[in-house]
Amino acid sequence: MNFDVHAAALVLAMAFFTWLLRFLPFLVFRKNTPGYIVYLGKVLPSAIIGMLVVYCLKDVEFSAAPFGLPELIAAVSVVVLQRWKRNSLISILVGTIFYMVLIRTVFCVCSLHERRNPVEHDVNLNVHYTAPEEIWTRIGNVYRSMPYWSGTDAGPEWTGEGIDLWASVEPGGIQIAGTMPDDVWEIWYRELKERLTEALGYEIGEPEDGYDFQYWK
Amino acid sequence: MKNQSAFVLKQAFYKSLPVLAGYIILGIGFGILLRNAGYGLLWAFAMSSFIYAGSMQYVGVGLIAGGASVVTAILTTIMVNARHLFYSISMIERYKDTGKYKPYLIFSLTDETYSLLCDGKVPDEASGSRYRFFVSFFNQCYWVTGSVIGSFLGSVLPFSTEGIEFSMTALFIASFTEQWLSGGNHIPALTGFLCSLLCLVLFGPEQFLIPAMLLITLVLTAVQSRIRMDREGTE
């Protein structure tokens, strides 16, 4: 396998800019620290931890069953344990195990039903079959990056519990079809379109929704 | 002297334990994802060693697999990791006299390491820098080990780890509670929590972090004189 220079460049860029963000404040205030920054250094830690708590719970769905209840109950248990024992290790360990038990028992039944119900899907995307080789390579890379990938030389495929999807090229564009539970599909399909859009450089979607084909010479 | 070293190591290891399970499992998840995108062991090792930023590495897999441009990668990094600016600003004073450990301490300031070290408490002032170094280093070891294991496995673990990611949430909640109980002014903690919540509602989960950081800074700046007076009053 050839060394992937572009991927290496991306890794370097990500590493360098992550370093830059971490080192920048130290470089800027190398000599002496203004009183305002000293003040921020004192009050920011508590504020940032508050922010991180929200950050961690940002993807919890509060408007649909189970309404974020497992997260809330487990979070309260961590607070109570911490107040009681003042030992972070115990709070985290017990809280996490409690959460894992909760989502497998009490909150399992209601979500399992809808989660593992395979539904038929069949969609077309606005990638024309006349696209050049290079475009297909990029599409292949995106396919492989998608969860549940199980493709072989025979063609792109994704399989899993209740999941059996395949992709092909038709006169009407790329076709993705097969079965996948609805909630998984919703995320998976959106992610696929986003990644394809990123990889191909134009908006990918279904032609019937108004997404145009692009033609290469 | 030797006893002292062993003591610091032990204390640091104990402190890093809450991160162990989470980092190993999340690291494994990253390794698997990267392997399935067509990049093996060396890539996982290199990314976890040199980038060492959890959520950014997950996003990075998508960027690499999708053949994103370097400019896109840079912009995404800045967006996703902007919060690190925040961590560093608040650690300038704390990391001031850490000598030879300083570069690594700054480099390894992830969300989790930050939450372990931001309260500034060390078991022994004289060996504080060594202690902080080892807490940071152990954490990165867990992360790199997880990534390498995931890359080896290349597929999901034979047992379900669903829910283990809550250990990170629990870590932040425990730190939050502990800082709250340690006394002092509660305004900073409330500011951080409420401003983030407000921005989450206004801007949605993908966009809220940067507005939240701006708002937090703004509010904390506005209440500066009050908090300062309060501190002087109690000290």
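Before going into details, it helps to say that this report is about the structure given with it. What you are looking at is a predicted structure, and each value in this text was computed from that prediction instead of being measured.

With respect to the overall build of chain B
Piece 1. When helices and strands are tallied, chain B shows 12 helices and zero strands.
Piece 2. Traced from its N-terminal end to its C-terminal end, chain B shows the element sequence α-α-α-α-α-α-α-α-α-α-α-α.
Piece 3. Across its three principal axes, chain B shows a C-alpha extent of roughly 60 × 55 × 35 Å.
Piece 4. Buried positions account for 54% of the 235 residues belonging to chain B.
Piece 5. Within chain B, residue pairs in contact and separated by at least 24 positions form 74% of the contacts whose partners lie at least 6 positions apart.
Piece 6. Carbon together with sulfur atoms contributes 68% to the accessible area of chain B, which is approximately 10,400 Å² in total.
Piece 7. Distance from the positive charge centre (15 side chains) to the negative charge centre (14 side chains) of chain B: 8 Å.

Some remarks on the pattern of salt bridges
Piece 1. A complete count under the given rule lists six salt bridges over all chains for this structure.
Piece 2. Note that B:E178 is salt-bridged to A:R86, the shortest N-O span being 3.0 Å. You can see B:E178 sitting in helix α9 (residues 166-181) and its partner A:R86 sitting in the loop between α3 (69-85) and α4 (88-104), one on each of two chains.
Piece 3. On the basis of relative accessible area, A:R86 is assigned to the partly exposed category, the value being 42%.
Piece 4. Notably, a salt bridge pairs A:R195 with A:E191, separated by 2.8 Å at the nearest N-O pair.

Some words on the sheet that holds strand β2 (residues 157-160) of chain A
Residues and elements named next belong to chain A.
Piece 1. If you walk across this open sheet you meet the four strands as β1-β4-β3-β2, and the pairing is antiparallel. Where the open sheet ends on each side, the last strands, each with one partner, are β1 (118-125) and β2. Each strand of the sheet is rotated relative to its neighbour by a mean of 10°, with strand direction disregarded.
Piece 2. Relative to strand β4 (residues 173-181), strand β3 (residues 163-170) runs antiparallel, the two sharing seven bridges. Looking at β4, one finds that L165 is bridged to G178.
Piece 3. Along the sheet face, helix α6 (residues 133-145) touches β2, β3 and β4 and points at about 10° away from the line of β4.
Piece 4. Here helix α7 (residues 182-200) sits on the sheet and contacts β1, β2, β3 and β4; the angle it forms with β4, its principal contact strand, is near 155°.

With respect to the interface of chain B and chain A
Piece 1. Contacts between the two partners involve 98 residues from chain B, matched on the other side by 73 residues from chain A.
Piece 2. Carbon and sulfur atoms make up 74% of the area that chain B and chain A hide from each other, which totals about 7,600 Å².
Piece 3. Three residues, B:W43, B:I92 and B:F166, lead the burial of chain B against chain A; their summed loss comes to 8% of the area buried on that side.
Piece 4. Along the contact surface separating chain B from chain A lie one salt bridge.
Piece 5. In the side of chain B that touches chain A, the residues fall into 57 nonpolar, 29 polar and 12 charged.

Re the packing of aromatic side chains
Piece 1. Per the stated rule, a full pass over the model turns up 28 aromatic pairs over all chains.
Piece 2. Between A:W185 and A:Y189 the ring centres are 4.7 Å apart and the planes differ by 10°, which places this aromatic pair in the stacked class. Of this pair, A:W185 and A:Y189 are both found in helix α7, four residues apart, which corresponds to roughly one turn of the helix.
Piece 3. By relative accessible area, which is 7% here, A:Y189 ends up buried.
Piece 4. When the centroid spacing of 6.4 Å and the interplanar angle of 85° are considered together, the rings of B:Y23 and B:Y52 count as edge-to-face. Taken as a pair, B:Y23 in helix α1 (residues 2-36) and B:Y52 in the loop between α2 (41-50) and α3 (54-65) lie far apart in primary sequence, 29 residues in all.
Piece 5. Looking at B:Y23, the relative accessible area reads 4%, which means it is buried.
Piece 6. In this structure, A:R22 packs its charged tip against the face of B:F107, placed 5.9 Å from the ring centre.
Piece 7. Taking the ring centre of A:W84 as reference, the NZ or CZ of A:K85 above it sits at 4.6 Å.

Overview of unusual backbone geometry
Piece 1. Although it is not a glycine, A:F67 adopts a positive phi angle of roughly 55°.
Piece 2. Despite not being glycine, B:Y52 shows a phi value in the positive range, around 45°.
Piece 3. A relative accessible area of 1% means that B:Y52 is categorised as buried.

Overview of the pairing of β3(A)
All names here are of chain A.
Piece 1. Summarising the sheet, β2 and β3 pair through four bridges and their orientation is antiparallel. By the bridge assignment, G160 is partnered in β3 with I163.
Piece 2. Hairpin connection between β3 and β4: a loop of two residues separates the two successive antiparallel strands.

Here we look at α3(A)
Piece 1. Between its first and last C-alpha, α3(A) extends 24 Å over 17 residues, near the 24 Å set by a 1.5 Å rise per residue.
Piece 2. If you follow the buried residues of α3(A), they end up packed against α4 of chain A together with α9 of chain B.
Piece 3. At the C-terminal side of α3(A), A:R86 shows a positive phi close to 55°.

Comments concerning the packing of α3(A) against α9(B)
Piece 1. In contact at an axis separation of 9 Å, α3(A) and α9(B) are set at 40° when each is read in the N-to-C sense. Between α3(A) and α9(B), the angle is such that the two are oblique. Seen from above, α3(A) lies across α9(B) with right-handed handedness. The segment α3(A) lies against α9(B), with A:E71, A:A74, A:A75, A:V78, A:V79, A:Q82 and A:R83 engaging B:F166, B:A170, B:I173, B:A174, B:T177, B:E178 and B:L181.

Quick notes on helix α4 (residues 70-81) of chain B
Residue and element names in this part refer to chain B.
Piece 1. Compared with an ideal rise of 1.5 Å per residue, which puts 12 residues at 16 Å, α4 spans 16 Å between its outermost C-alpha atoms and is within 8% of the ideal.
Piece 2. When we look at burial in α4, the residues that qualify are A73, T76, T77, V80 and N81. Projected down its long axis, α4 carries its buried residues within an arc of 105°, all on one side. For α4, the exposed residues lying more than 90 degrees away from the buried face are V71 and L75.

Here is what the cut-offs are and how they apply
Residues numbered from 1 in each chain as written. Chains lettered and ligands numbered in written order. Predicted model: local features only at pLDDT ≥ 70, side-chain atom pairs only at ≥ 80, totals over all residues. Heavy atoms only, no water. Helix = DSSP H or I, 4+ residues; strand = E, 2+ residues; numbered from the N terminus. Buried < 20%, exposed > 50% of the residue type's maximum accessible area, 1.4 Å probe, protein only. Contact = heavy atoms within 4.5 Å. Areas by Shrake-Rupley, 256 points an atom, 1.4 Å probe, with all protein chains shown as cover. Lys, Arg positive; Asp, Glu negative; His and termini not counted. Charge placed at Lys NZ, Arg CZ, Asp CG, Glu CD. Salt bridge = Lys/Arg side-chain N within 4 Å of Asp/Glu carboxyl O. Pairing = 2+ DSSP bridges. Axes fitted to C-alpha atoms, helices over the stretch in contact; angles between N-to-C directions. Buried area = accessible area lost by both parts, 1.4 Å probe. Nonpolar A, V, L, I, M, F, W, Y, C, P; charged D, E, K, R; others polar. Phe/Tyr/Trp six-rings, centres within 6.5 Å; stacked < 30°, edge-to-face > 60°. Lys NZ or Arg CZ within 6 Å of the ring centre and 35° of its normal. Expected span 1.5 Å × (residues − 1). Parallel < 35°, antiparallel > 145°, perpendicular 65-115°, else oblique. Left-handed = near helix turned anticlockwise from the far one by under 90°. Arc of directions from axis to C-beta.

Interpretation in functional terms is not warranted from these geometric data alone.
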